[in-house]
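# Commentary on secondary and tertiary structure
Below are the chains, spelled out letter by letter.
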Amino acid sequence: TQVLNTFQQTSTVLFARTLRLSALGVISSILNNYLDWRYLKDFYNTCFMLDFGLIEYGQFHYTLAIACESERLSPGSGVKELTRLKRSEGEKQLFLNHPTISYDFAVDHSDKLNHPNLLNIIKVHHEKSDGSGFPNGITFHELTEFETILTFCDYLVPFDESIYSFGDLEQV
């Protein structure tokens, strides 16, 4: 409930993307013949916590969404985008470390999960097939099947780019 409320109150962009990503993750899992209800429920909830680390103290600046979308399309470009937008070093570190921050939060709140080992996928959701992702730069052959499904879904689900005007990057 805390995650749900925080997402809803902090960023509708991040909340909407999280809902789409979680649903797509479960659908992809079912298509790969994973049918255990408890496992699918835990996978959905794990997907929901992927980007929770982007919300630092209940704040989410829309430039993080721009950086995430840039990173989704071109690995390594997220920090460059934050630099171009003159964002602080703290925000760049938050961007780079949010998989670990999200993972740590999820572990602290994992008491209701049947399969807490699924939380490990949070740490690798920005890894790319060629090793150009972050935080560890690992390739897909080093990932489990669920980690691969999740990174694929994370790549497929865009941040909503249409809410930003092109001139001043103000949210409209």
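Check the entry above for the structure.
The rules behind each value
- Residues numbered from 1 in each chain as written.
- Predicted model: local features only at pLDDT ≥ 70, side-chain atom pairs only at ≥ 80, totals over all residues.
- Heavy atoms only, no water.
- Helix = DSSP H or I, 4+ residues; strand = E, 2+ residues; numbered from the N terminus.
- Rg over C-alpha atoms; globule rule 2.2 N^0.38 Å.
- Buried < 20%, exposed > 50% of the residue type's maximum accessible area, 1.4 Å probe, protein only.
- Arc of directions from axis to C-beta.
- Contact = heavy atoms within 4.5 Å.

### Some details on the overall build of the protein
Helix and strand content of the protein: seven helices and zero strands. Taken over C-alpha atoms, the radius of gyration comes to 15 Å for the protein, in line with the 16 Å a tight globule of 172 residues would show. On the principal axes, the C-alpha backbone points of the protein span a range of 50 × 35 × 25 Å. Burial analysis of the protein (172 residues in total) assigns 50% to the buried set.

### Observations regarding helix H5 (residues 77-84)
Because an α-helix packs 3.6 residues into every turn, residues spaced three or four apart end up facing the same way. Those residues of H5 that fall on the buried side of the exposure criterion are Ser 77, Gly 78, Glu 81 and Leu 82. Take H5 and look down its axis: the buried residues cluster within an arc of 145°, on one side only. Every exposed residue of H5 that faces more than 90 degrees away from the buried side is listed here: Lys 80 and Arg 84. Buried positions along H5 lie against helix H4 (62-73) and helix H6 (89-108).

Spatial relationships are all this shows, so hold off on functional conclusions.
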